[in-house]
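Working through the structure, step by step
Single-letter residue listing:
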Amino acid sequence: MKFTFNENRFETEFEYGKLHISGDEQHGFRPYQLMVSSVAVCSGGVLRKVLEKQRMKINDLTVEADVERNPEEANRLTKIHLHYTISGENLNEKKIEKAMELAQKNCPMAQTIIASVELTESFEIV
């Protein structure tokens, strides 16, 4: 990946288009937003695959991410809480709990941050 500074932001080109990244969200995605998005989407995607392998049909899956940052340490991420809202068929709470553990262990983005950012998860079935 190559990132080029242009006016108030960095830009990079991907298969699906340009990505603008800036510390000022008026000019692009903020780096922490991209990091949290990567963890949330990777975790949700792996969770969905695990649930489907366990023969649970998923009709809808949303992930809400709550973030805590420490302003005294360069505003670094200290905690990410992911809350999954799941609808589908044959959903079993115990199996979902186990699937979340397995998903976290197999999500490369979660594993990248787990030593430095507290990552917690919860879910609800709707």
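What comes next is a walk through the structure. These figures come from a predicted structure and were not determined experimentally.

1. A look at the sheet that holds strand β2 (residues 9-14)
On the basis of which strands lie adjacent, the open sheet formed by three strands has the order β1-β2-β3 and antiparallel pairing. A strand with exactly one partner marks an edge of an open sheet, and here the two such strands are β1 (4-6) and β3 (17-21). Strand-to-strand twist of the sheet, defined as the mean angle between neighbouring strand axes without regard to direction, takes the value 40°. With three bridges joining them, β1 and β2 adopt antiparallel strand pairing. Pairing of Asn6 across the sheet is with Arg9, part of β2.

2. Description of the nonpolar core
As a rule of thumb, soluble globular proteins bury nonpolar side chains together. With 26 residues, the main nonpolar core has Leu47, Leu51, Ile80, Leu82, Tyr84, Ile86 and Ile96 as its most contacted residues. Those elements giving two or more residues to this core turn out to be α1 (31-53), β4 (57-70), β5 (76-89), α2 (93-106), α3 (108-113) and β6 (118-125). When residues no more than four places from it in sequence are discounted, the contact partners of Tyr84 are Ser43, Gly44, Leu47, Leu61, Thr62, Val63, Met100, Glu121, Ser122, Phe123 and Glu124.

What counts as what
- Residues numbered from 1 in each chain as written.
- Predicted model: local features only at pLDDT ≥ 70, side-chain atom pairs only at ≥ 80, totals over all residues.
- Heavy atoms only, no water.
- Pairing = 2+ DSSP bridges.
- Helix = DSSP H or I, 4+ residues; strand = E, 2+ residues; numbered from the N terminus.
- Axes fitted to C-alpha atoms, helices over the stretch in contact; angles between N-to-C directions.
- Core = buried A, V, L, I, M, F, W, Y, C linked by side-chain atoms within 4.5 Å.
- Buried < 20%, exposed > 50% of the residue type's maximum accessible area, 1.4 Å probe, protein only.
- Contact = heavy atoms within 4.5 Å.

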